[in-house]
Amino acid sequence: MKTRNLFIALFGLSTLFVSCQKDFLTDTPADFVVSSTETLNFVQGGETQNIVITSAGTSDWEIEPGLHEPWVTALKDGNKIQVTVAPHDGAEERSSRLTIRTSGGKKTFIINQFGTEPVLRLEDSPAELFFKKDAETRVLKVVTNSDQWTVELLGEAPWLQWEKSTAPHTLTLNIKDFLRDEPNATSSRKVALFLSNGTKHLKIDILQRGWAQFGEPLFLADRTPAALIAAEEGKGHTRFAEYESQLYLDPNQV
């Protein structure tokens, strides 16, 4: 009798656990939805764009109603979401969320629409970019409501080439190799790009790391401090006693 009651209790708990699992839906589960984009940007006058769902684990997905703003219309069309936004007469940019759901979870997309004020920002990249010593090409997605945005290089950087595109709005950066025998190769090199769209401006700092700044180690056994200093000076190194004094509690140790 006790064994039977224990079995019934365990079965009830497992059933409860399975039923509760269905309620634990993740906002952005890994590998749940693969789409052509996660953010759509619309012009002020209104237009229609598509989000292509390339994988959702199942074809049985739906758009959750009532979660997006009323100026957004979203329709399921096969493996696509047809998104239409109404014209916007406001000055500021407006934004909405759009969510789809399957039996395994849900995925949220961001819908932006420009206003009359200038818009200029990077979609996925920070305002400070770091590069290694090797040559590299990186494409930055520029979010703007005008094709007339400009790019200006602040300083000189023969190691950097850039190309602006308006269809779509991107900024392509081509970084050259930082060779070890170049002048100042042990120091990182840095330059800034200045983007403008009317009264809206954006500064992008670009830094390429230099080579290691550690020289060849000097091993001289049984040598006096004066001999070590002389050996370093022979290699072109100058002692910075003022800095060394900060490393000791007793100045007489310097």
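Counting restarts for each chain, with residues numbered from 1 along the sequence as it is written. Where local features are concerned, this predicted model is filtered to residues with pLDDT of at least 70; where side-chain atom pairs are given and counted, the filter is 80 or more; whole-chain, interface and lining totals use all residues. Each side-chain value is worked out from all heavy atoms of the structure, with water and hydrogens disregarded.

Trainee: How would you summarise the overall build of the chain if you had to cite specific residues and measurements?
Mentor: Strands are runs of DSSP state E lasting at least 2 residues, helices are runs of H or I lasting at least 4, and numbering of each runs from the N terminus. If you tally the helices and strands in the chain, you get 3 helices and 16 strands. Across the 254 residues in the chain, those meeting the buried criterion constitute 28%. In this description, contact between two residues means that some pair of their heavy atoms is separated by no more than 4.5 Å. Summarising the internal contacts of the chain: among those between residues at least 6 apart in sequence, 59% fall at separations of at least 24. Relative accessibility thresholds used throughout: buried, under 20% of the residue-type maximum; exposed, over 50%; partly exposed, between the two (1.4 Å probe, protein chains only).

Trainee: With reference to specific residues and values, describe the layout of surface pockets.
Mentor: Of the voids in this model, the largest pocket is the one considered here, and its volume is about 460 Å³. Where the lining of the largest pocket is concerned, the elements lending two or more residues are strand E2 (39-42), strand E11 (136-144) and strand E14 (169-175). Buriedness for pockets is judged along seven lines, at least five of which must meet protein on both sides within 12 Å for an open set on the 1 Å grid over protein atoms alone, while cavities are sets there where a 1.4 Å probe fits but cannot get out, and lining residues have an atom within 4 Å of a point. Grid points are joined across faces, edges and corners, and a volume is the space filled by probe spheres set on the points.

Trainee: Give me the lowdown on the side chain of Asn 197, citing residues and values where you can.
Mentor: With respect to the element layout, Asn 197 can be found in strand E15 (residues 189-197). Polar contact criterion, stated in full: a pair of N or O atoms within 3.5 Å, where within protein one must be able to donate a hydrogen and the other to accept it, and residues adjacent in sequence count only if both atoms are side-chain atoms. A polar contact of 3.1 Å, which involves the side chain of Asn 197, links it to the side chain of Asn 145. Beyond its immediate chain neighbours, meaning those up to four positions away, Asn 197 contacts Pro 118, Val 119, Leu 120, Thr 144, Asn 145, Ser 146 and Trp 149.

Trainee: Lay out the packing of aromatic side chains in plain terms, naming residues and giving numbers.
Mentor: Stacked, edge-to-face and tilted labels apply to pairs of Phe, Tyr and Trp rings (six-membered ring for Trp) whose centres lie within 6.5 Å, assigned for plane angles under 30 degrees, over 60, and everything in between, in that order. One pass over the structure, following the stated rule, counts 0 aromatic pairs. Note on geometry: a ring has a charge over it if NZ (lysine) or CZ (arginine) is within 6 Å of the ring centre and within 35 degrees of the ring normal. Over the ring of Trp 211 we find Lys 133, and its NZ or CZ is 4.9 Å from the ring centre. The aromatic ring of Phe 178 is capped on one face by Arg 189, whose charged end is 3.8 Å from the ring centroid.

Trainee: Can you break down the sheet that holds E15 residue by residue, with the values?
Mentor: Any two strands between which DSSP finds at least two bridges are classified as paired. The strand order across the open sheet built from 4 strands is E10-E16-E15-E12, with neighbouring strands paired in mixed fashion. The sheet is open, and its two edges are formed by strand E10 (128-131) and strand E12 (150-154), each paired on a single side. Each adjacent strand pair in this sheet contributes to an overall mean axis angle of 20°, direction not counted. Pairing of E10 with strand E16 (residues 200-208) involves 4 bridges; the strand directions are parallel. Looking across to E16, one finds that Phe 131 is bridged to Gln 208. Every angle, taken between N-to-C directions, lies between 0 and 180 degrees, and every axis is a line fitted to C-alpha atoms, over only the stretch in contact when it is a helix.

Trainee: Describe in detail the pairing of E15, supporting the description with residues and values.
Mentor: Among the 9 residues that make up E15, 7 are buried, leaving the element largely enclosed by the rest of the structure. Two strands pair when backbone bridges link them, and E15 and E16 are joined in this way by 9 bridges, in the antiparallel orientation. Note that in E16 the partner of Arg 189 across the bridge is Gln 208. Once E15 ends, the chain turns through 2 residues before running back antiparallel as E16, passing Gly 198 with a positive phi of about 65°.

Trainee: Tell me about the pattern of salt bridges, and name the residues and values.
Mentor: Each reported salt bridge corresponds to a side-chain nitrogen of Lys or Arg within 4 Å of a carboxyl oxygen of Asp or Glu. Scanning all chains against the criterion turns up 9 salt bridges. With its nearest N and O atoms 3.8 Å apart, the salt bridge here joins Lys 190 to Glu 128. Of this pair, Lys 190 sits in strand E15 while Glu 128 sits in strand E10; the two residues are 62 residues apart in sequence, bridging distant segments of the chain. Here Asp 205 ties to Lys 203 by a salt bridge, and the two come within 3.7 Å at their closest N and O atoms.

Trainee: Could you give an account of the confidence of the model for the chain, with specific residues and numbers?
Mentor: Across the chain, each position has a pLDDT score giving the predictor's confidence in that residue, from 0 to 100. Looking at the chain, pLDDT values average 81 and 76% of them are 70 or higher. Confidence over residues 6-31 falls short of pLDDT 50; this stretch has 12 contacts with residues more than four positions distant or in other chains.

Trainee: Account for the nonpolar core, with residues named and values stated.
Mentor: A general tendency of soluble globular proteins is for nonpolar side chains to be buried together. Residue types Ala, Val, Leu, Ile, Met, Phe, Trp, Tyr and Cys, when buried and joined through side-chain atoms within 4.5 Å, form a set referred to as a nonpolar core. Counting 20 residues, the largest nonpolar core has Leu 160, Leu 171, Leu 173, Leu 193, Leu 195, Ile 204 and Ile 206 as its most contacted members. Broken down by secondary-structure element, the contributors of at least two residues to this core are strand E9 (120-122), E10, E11, E14, E15 and E16. Contact partners of Leu 171, with chain neighbours within four places excluded, come to Arg 138, Val 139, Leu 140, Val 142, Val 151, Trp 162, Glu 163, Lys 164, Leu 193, Leu 195 and Ile 204. Core analysis: the second largest hydrophobic core is formed by 17 residues, Ile 51, Val 72, Ala 74 and Ile 111 among them.

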